[in-house]
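Breakdown of the fold
Residues per chain, in single letters:
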Amino acid sequence: MSLFSLIFQSDTYLCMAFPVPTRQDAYIVDFIPLASMDTVHHMLLFGCQTPVSTNSFCVQGTCEDEAAIMYAWARNAPPTKLPKDVGFKVGRSSGMSYFVLQIHYGDISAFKGEQPFIAGIYLLMSVDTVILPGQRVTDADVACDYTSYPIYPFAFRTHTHRLGKVVSGYRIRDGKWTLIGRQSPQLPQAFYPANKQVTVKYGDTLAARCVFTGEGKTSKTYIGGTSDDEMCNFYIMYYMESRHAIPYMNCMEMGSEELFQHIPPEANVPINVSPSHMNSVMHLGQSTGTATSNIVHQVSAWPQSSLQLGQVSGLALDSDSNLVIFHRGDHHWGADSFNNQARYQQRSLGPIQQSAILVVDPSKGSILKASGRNMFFLPHGITADKENNYWVTDVALHQVSFSSDGKDKTLMALGEAFIPGSDNNHFCQPTDVAVDTESGNIFVSDGYCNARIIKFSADGKYLSEWGSSDRRRRIPFHIPHSLVLLPDKKEICVADRENGRIQCFIAETGEFVKEIKKDEFGGEVFAISYNGLIFAVNGESLSRPVPIRGFVIDYSTKDILDTFSPNKKEFKMPHDIAETRDGSVFVGDASSKSVYKFTTEKLHHSVKKAGIEVQELEGKAVGSLNLGNFFPSHKGYSRQGFDQLSTEGSDQERNDEDSSDSENEEYSALPPPQSSS
């Protein structure tokens, strides 16, 4: 409900009356002034039963009845906190049903004159794309260097005709692509909220890609103004300081092939829209289900011959893109494997005599190399560095060890064999290891009985650790089970298994960045990997039963883009996941002692991953943009006139198949102003 109404008397005096937001008795114990003496001279807060007015000027004072002064403020005074167990009584039986706040301004210049910000439109538009008949994918790429004053995008809109599958817009700065907005042009073509983190300044590049299909067409399709032609438009609605305001800018330059080799994979994947989704709208950063298109499929004839595996605990890729499998041979982790001090109870079995590390051809599944005989007791996680050395964890040994490619010898070990601990020199059932290829730093998730991430230098020297996550929530790890480095973001992400979440941190400092937690995970996330998008697998949860499957997740929006599972069998305990550069995905299942291969639907050379999610709305497929939320805080700036911009009634493309009406309004919307010369 609305808590206050604004009542103006003059340019230097403001009165606000608002009801006490409860029908019960309540108490005020703090006064926190949100004002500065640069603008406000002083403020007075009154309590009363009946204000002079709640919908007109408070010319005759503050209250109809006797006004009780509750608080006064001036000259940047600090907040006032009442003593413990002391409060001003307001509400039902107090005689105070309304608050009335008087604000006396010392400087009113901020409230006069024009708006400090002016809105505008930047249009990226392809003019020379030709869509060949029958061709599955045609890209229309547009890019221009930005050479004006800073702009702040707050909304975006996409537009094509019937052949468009997805349109994406980006800002490129120092080689890094940052999403402004992405959507299917077959959904309602209103303006939707842009990525709030994006600003555009001199020297940046603005780029857009439209993905078309020529399937079902018998002749070439050109860019043009009728419904038989196509269009590729990406609109950016922005604001900029009024003194530099430019109400319209456009870009019609074809993007270079070299530049667009680096476009994020998400831009290449069509968003399938069913008829029921024509009243749907995409929301950045929100997810209510799984994707509408399945683009990850199992390769059923892999491997071509049996690999004779034990419990599969870890997967990795070496520098040659071969699959590396870490398995337990004839050893099993069972109820009797450890005592209640986490000490391994089956040392008498000796180490695993089989080769615990197998290097496998990813295309056929044939074994290329084998190593790791008589080295491990209960293998868990594995990673391969750029020299094809293997870094592994063994939960029975409580160690992280390092060995050379194809050798049955440990070259370095961290931790004391068979001795669990929680100090800098011991682990307790460590689960996974990740190696930074640039710095050589080693990250260890430790583990089943320690809830921490430990960072070591390349030579094994302890550097730091962290075990608590987002400070706002302070929920510690509960079995940090899998690690992956994000080289392009300088981050490390953790599959926090029993908390059912993925958490990401700055690799250098351990500072929390973000959390991805979905109902679809069911409270368990066993493993993650990264190759532009996040791949993950969940596990069985007794408290929240959900399907056990793999997930493709957009790091930026946290959306689940796709899910996948075997065609005939079901996952039992998917324990690790890895994917190759060509889009093959491998899942190791500890319970079924097998490795599954999946492939992503590859549209062309740069497509590796999944689609995007849409959220279906009840009723109108419209939303509203609260422009006040998009503006940075500037001293004395008024936001009057920018409170709400409704997208209801925005233009949508006609669905009349026989229409031949011109759609030139797409070209002529907000034309450039006439030159003053």
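Residues numbered from 1 in each chain as written. Predicted model: local features only at pLDDT ≥ 70, side-chain atom pairs only at ≥ 80, totals over all residues. Heavy atoms only, no water.

**What about the sheet that holds strand E12 (residues 138-145)?**
In space, the four strands of this open sheet follow the order E12-E17-E14-E15, with antiparallel pairing throughout. Two strands bound the open sheet, and with one partner strand each, they are E12 and strand E15 (176-183). Neighbour to neighbour, the strand axes of the sheet diverge by 20 degrees on average, direction disregarded. Across eight bridges, E12 lies against strand E17 (residues 205-212) in antiparallel orientation. Of the residues in E17, the one forming a bridge with Ala140 is Cys210. (Pairing = 2+ DSSP bridges. Helix = DSSP H or I, 4+ residues; strand = E, 2+ residues; numbered from the N terminus. Axes fitted to C-alpha atoms, helices over the stretch in contact; angles between N-to-C directions.)

**Remarks on the state of the cysteines**
A complete count under the given rule lists five disulfides for this structure. At a sulfur-sulfur separation of 2.0 Å, the disulfide partner of Cys210 is Cys232. Taking the sign of the torsion about the S-S bond as the criterion, the disulfide between Cys210 and Cys232, at about 85 degrees, is right-handed. Of this pair, Cys210 sits in strand E17 while Cys232 sits in the loop between strand E18 (221-222) and strand E19 (233-241), and the two are 22 residues apart along the sequence. Accessibility expressed as a relative area gives 1% for Cys232, which makes it buried. For the chain, numbering the cysteines in disulfides from first to last along the sequence yields the connectivity 1-2, 3-6, 4-5, 7-8, 9-10. (Disulfide = S-S within 2.5 Å. Buried < 20%, exposed > 50% of the residue type's maximum accessible area, 1.4 Å probe, protein only.)

**So, a nonpolar patch on the surface**
On the surface, Val130, Leu132 and Tyr222 cluster together to form a nonpolar patch covering roughly 240 Å² of accessible area. Mapped onto the secondary structure, Leu132 falls in the loop between strand E11 (130-131) and E12. For Leu132, a relative accessible area of 35% corresponds to the partly exposed category. (Patch = residues over 30% accessible without salt bridge, like charges linked within 9 Å, V, L, I, M, F, W, Y side chains within 5 Å. Areas by Shrake-Rupley, 256 points an atom, 1.4 Å probe, with all protein chains shown as cover. Salt bridge = Lys/Arg side-chain N within 4 Å of Asp/Glu carboxyl O.)

**Observations concerning the environment of Leu317**
Among the secondary structure elements, Leu317 is positioned in strand E23 (residues 312-317). Between the C-alpha atoms of Leu317 and Ala384, which are 67 residues apart in sequence, the distance is 6.5 Å. Apart from the residues lying within four places of it in its own chain, the contact partners of Leu317 are Asn322, Leu323, Val324, Ala384, Ala578, Glu579 and Thr580. (Contact = heavy atoms within 4.5 Å.)

**With respect to the UniProt feature "binding site: Cu(2+)" (unreviewed entry) in the chain**
Here, the residues flagged by UniProt with the feature "binding site: Cu(2+)" (unreviewed entry) are His41, His42, His104, His159, His161 and Met231. Relative to the helices and strands, His161 is located in the loop between strand E13 (152-159) and strand E14 (164-173). You can call His161 buried: its relative accessible area is 1%. On the basis of relative accessibility, which here comes to 2%, the residue Met231 falls in the buried class. (UniProt positions renumbered as here; feature names shortened; annotations may be inferred.)

**Details of the nonpolar core**
If you look at soluble globular proteins, the nonpolar side chains tend to sit buried side by side. With 28 residues, the main nonpolar core has Tyr122, Leu124, Tyr146, Leu206 and Phe234 as its most contacted residues. Secondary structure elements with two or more residues in this core: strand E10 (117-125), E12, E17, E19 and strand E20 (248-251). Grouped together as the second largest cluster of nonpolar side chains are 18 residues, Val20, Tyr71, Trp73 and Met96 included. (Core = buried A, V, L, I, M, F, W, Y, C linked by side-chain atoms within 4.5 Å.)

**Re the sheet that holds strand E25 (residues 357-360)**
Strand order in the open sheet made by the four strands is E23-E24-E25-E26, with antiparallel pairing throughout. Looking at the sheet topology across the chains shown, the edges are occupied by E23 and strand E26 (367-371). Between one strand axis and the next, the sheet turns through 20 degrees on average, direction left out of account. Here E23 runs beside strand E24 (residues 323-327); their pairing, made up of five bridges, is antiparallel. Paired with Ala316 across the bridge in E24 is Val324.

**Structural notes on the pairing of E19**
The element E19 is extensively covered by neighbouring structure, given that eight of its nine residues are classed as buried. The pairing of E10 with E19 spans nine bridges and is classified as antiparallel. Bridge pairing in E19 links Met125 to Asn233. Note that E13 and E19 share seven bridges and pair antiparallel. Among the inter-strand pairings, Thr158 is bridged to a residue of E19, identified as Phe234.

**Looking at the packing of aromatic side chains**
Applying the stated criterion to the full structure yields 30 aromatic pairs. Relative to Tyr71, the ring of Phe31 has its centre 4.5 Å away and its plane inclined at 5 degrees; by these criteria the two rings are stacked. Taken together, the residues span a long stretch of sequence, with Phe31 in strand E4 (residues 30-31) and Tyr71 in strand E6 (residues 68-74) at a distance of 40 residues. For Phe31, a relative accessible area of 6% translates into the label buried. Since its relative accessible area comes to 14%, Tyr71 is described here as buried. Relative to Phe505, the ring of Trp466 has its centre 5.5 Å away and its plane inclined at 50 degrees; by these criteria the two rings are tilted. (Phe/Tyr/Trp six-rings, centres within 6.5 Å; stacked < 30°, edge-to-face > 60°.)

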